[in-house]
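Architecture at a glance
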Amino acid sequence: MQAANMPHNMLIAECGSRVFLWPQRYAERQARGEVPEHLLDIGVNPAVWEISGHMVLKRAQDYAEFTEASAWELLAAVSLSEEQLAAAEGMLFGVGGAASPHGFTPHVDSSAGKAASAAVAEHGLGGKAMAAGAAAVACSS
């Protein structure tokens, strides 16, 4: 992913036996001026904890006003499109999600991705956008 300049976050769990990757686009969208000002004002740069649902809000006003819709909007700003997610999966696992040459068996949580897409669409935040937290790619040995 680094060689392809694809921003991502990684969480290594269970003494390295599970690795979770969250490809994301927040910095790219931020550089292009595509992130709404009110999200930038919150001061949250979504990374592993935020993408997986642990939001750290720094201002009392943000804490008082933050809603589920706010969380979905923030996740939508990080999210990959369906095509970008497919490209990331292909880069990591080859065609069809085959096992990597490093001996890992990939598991892509597509059901969670579909649920996140539906929730993002329900809140009017981007049609086919896929919440990066739900698009996490898990590898287990």
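Calculation rules
Residues numbered from 1 in each chain as written. Predicted model: local features only at pLDDT ≥ 70, side-chain atom pairs only at ≥ 80, totals over all residues. Heavy atoms only, no water. Helix = DSSP H or I, 4+ residues; strand = E, 2+ residues; numbered from the N terminus. Buried < 20%, exposed > 50% of the residue type's maximum accessible area, 1.4 Å probe, protein only. Contact = heavy atoms within 4.5 Å. pLDDT = per-residue confidence, 0-100. Core = buried A, V, L, I, M, F, W, Y, C linked by side-chain atoms within 4.5 Å. Salt bridge = Lys/Arg side-chain N within 4 Å of Asp/Glu carboxyl O.

Focus on the overall build of the protein chain
For the protein chain, the helix and strand inventory stands at seven helices and four strands. Sequence-ordered secondary structure for the protein chain, helices as α and strands as β, is β-β-α-α-α-α-α-α-β-α-β. A total of 141 residues make up the protein chain; the buried ones form 36% of that total. Sequence separation of at least 24 residues holds for 60% of the intrachain contacts in the protein chain that already meet a minimum separation of 6.

Some details on the confidence of the model for the protein chain
Of all residues in the protein chain, 67% attain a pLDDT of 70 or more, and the chain-wide mean is 75. Taken element by element, the predicted model of the protein chain shows its lowest mean pLDDT in helix H7 (residues 110-122) (45) and its highest in helix H4 (residues 60-65) (94). Note that residues 97-105 has pLDDT below 50 and, in this model, 13 contacts with residues that lie over four places away or in other chains. Note on residues 111-141: pLDDT under 50 across the span, and 77 contacts to partners over four residues away in sequence or across chains.

What to know about the nonpolar core
Ranked by size, the top nonpolar core spans 12 residues in total: Phe20, Trp22, Tyr26, Val35, Leu39, Ile42, Val44, Val48, Ile51, Leu74, Ala77 and Val78. Put simply, the parts of the chain that give this core at least two residues each are strand S2 (18-23), helix H2 (37-42), helix H3 (48-51) and helix H5 (68-78). Among the elements that line this core, the one with the most residues is H5, at three residues.

Here's the deal with unusual backbone geometry
For Glu14, which is not a glycine, the phi torsion comes out positive at approximately 50°. Note that Glu14 resides in the loop between strand S1 (8-13) and S2. Assessed through its relative accessible area of 53%, Glu14 is described here as exposed. Located in the positive-phi region is Cys15, a residue other than glycine, with phi close to 55°. On the secondary structure map, Cys15 appears in the loop between S1 and S2.

What to know about the pattern of salt bridges
Here the structure, examined in full by the defined rule, presents five salt bridges. Arg18 serves as the salt-bridge partner of Glu14, at 4.0 Å between the closest nitrogen and oxygen. A salt bridge links Glu28 to Arg25, with the shortest nitrogen-to-oxygen separation between them at 3.0 Å. Residue class for Arg25 comes out buried when judged on its relative accessible area of 10%. Linked by salt bridges that have partners in common, Arg25, Glu28, Arg32 and Glu34 make up one network.

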